[in-house]
Amino acid sequence: MKLEGFGIFVDDMATMVRFYRDVLGFEIKEDENTTNVFLEKDGTLFLLFRKSDFEKMTSQKFAYCKGVNGHFEIALGVANYAEVDKAYAKVTAAGAKGVMPPTTEPWGQRTCYIADPEGNLVEIGSFVKE
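Computed from a predicted model, the values in this text were never measured in an experiment. (Residues numbered from 1 in each chain as written. Predicted model: local features only at pLDDT ≥ 70, side-chain atom pairs only at ≥ 80, totals over all residues. Heavy atoms only, no water.)

1. Describing the packing of aromatic side chains
And step 1. Per the counting criterion, the structure on display carries 11 aromatic pairs.
And step 2. Judged by centre distance (5.2 Å) and plane angle (65°), the rings of Phe26 and Phe46 are edge-to-face. One end of the pair, Phe26, is in the loop between α1 (13–23) and β2 (36–41); the other, Phe46, is in strand β3 (residues 44–50), with 20 residues separating them in the sequence.
And step 3. Since its relative accessible area comes to 4%, Phe26 is described here as buried.
And step 4. Looking at Phe46, the relative accessible area reads 1%, which means it is buried.
And step 5. Centroid distance Phe54 to Phe62: 5.4 Å. Interplanar angle 35°. Geometry classified as tilted.
And step 6. Note on Phe62: relative accessible area 35%, which makes it partly exposed. (Phe/Tyr/Trp six-rings, centres within 6.5 Å; stacked < 30°, edge-to-face > 60°. Helix = DSSP H or I, 4+ residues; strand = E, 2+ residues; numbered from the N terminus. Buried < 20%, exposed > 50% of the residue type's maximum accessible area, 1.4 Å probe, protein only.)

2. Describing the pairing of strand β6 (residues 110–115)
And step 1. For β6, the buried fraction is high: six of the six residues fall into the buried class.
And step 2. Neither face of β6 is exposed, since Arg110, Cys112 and Ile114 on one face and Thr111, Tyr113 and Ala115 on the opposite face are all buried.
And step 3. Bridge count between strand β5 (residues 97–104) and β6: five bridges; the pairing is antiparallel. The residue of β6 that forms the bridge with Gly98 is Ile114.
And step 4. The hairpin turn running from β5 into β6, its antiparallel successor, is five residues long, and Gly108 in that turn takes a positive phi close to 95°.
And step 5. Sheet topology note: the β6/strand β7 (residues 121–126) ladder contains six bridges and is antiparallel. (Pairing = 2+ DSSP bridges.)

3. Re the pattern of salt bridges
And step 1. The final tally for this structure, using the stated rule, is nine salt bridges.
And step 2. Across the pair Glu32 and Arg18 runs a salt bridge, and its minimum N-O distance is 2.7 Å. Of this pair, Glu32 sits in the loop between α1 and β2 while Arg18 is found in helix α1, placing the two residues 14 residues apart along the sequence.
And step 3. Among the ionic pairs, Arg21 bridges to Asp22, the shortest N-O distance being 2.7 Å.
And step 4. Given a relative accessible area of 26%, Arg21 falls into the partly exposed group.
And step 5. Bridged by salt links that share partners, the residues Arg18, Arg21, Asp22 and Glu32 form one connected network. (Salt bridge = Lys/Arg side-chain N within 4 Å of Asp/Glu carboxyl O.)

4. Re the side chain of Arg110
And step 1. Along the chain, Arg110 falls in strand β6.
And step 2. Only 2.7 Å separates the side chain of Arg110 from the side chain of Asp85, close enough to count as a polar contact.
And step 3. From its side chain, Arg110 meets the backbone oxygen of Pro102 in a polar contact 3.4 Å long.
And step 4. Excluding residues within four positions of it along the chain, Arg110 makes contact with Tyr81, Val84, Asp85, Pro102, Thr103, Thr104, Ile124, Gly125 and Ser126. (Polar contact = N/O pair within 3.5 Å; in protein donor to acceptor, adjacent residues only side chain to side chain. Contact = heavy atoms within 4.5 Å.)

5. A short note on the sheet that holds strand β1 (residues 5–10)
And step 1. Pairing is mixed across the open sheet formed by three strands, whose spatial order is β1-β3-β2. The sheet terminates laterally at β1 and β2, the two strands that pair on one side only. The sheet shows a mean angle of 20° between the axes of neighbouring strands, direction not considered.
And step 2. Where β2 and β3 come together, six bridges link them in antiparallel fashion. Counterpart to Asn36 in the pairing with β3 is Phe49.
And step 3. Relative to β3, α1 is tilted by about 155°, and along the sheet it contacts β1, β2 and β3. (Axes fitted to C-alpha atoms, helices over the stretch in contact; angles between N-to-C directions.)

Taken by themselves, the reported measurements are silent on function.
Encoded structure:
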């Protein structure tokens, strides 16, 4: 099997589309009120799938995390340490919830965490100092 991509299940498609498109810069062409949104980001398939539609399709109910959660993370890389700081400032000013401000970790990565509107973690980091 080959990893083709990943998806997240969402409650409010319009809010999540706007966040990933307008705040994080993902290229999304589908309507804000669709059942699912497919996009490719840097060669990886990324899917937003409305929870209620997925449950209807599978004829099952699922348990979902609520609020800011550590269920998974989406990791985004930037060019260098300074870009981590700039990205964090930009996305939190645009409405992302700050979870951890930019920090240089002992393993040499400068990283920060934000949460999307439904509480999923997004990491922004770099291993390049300059």
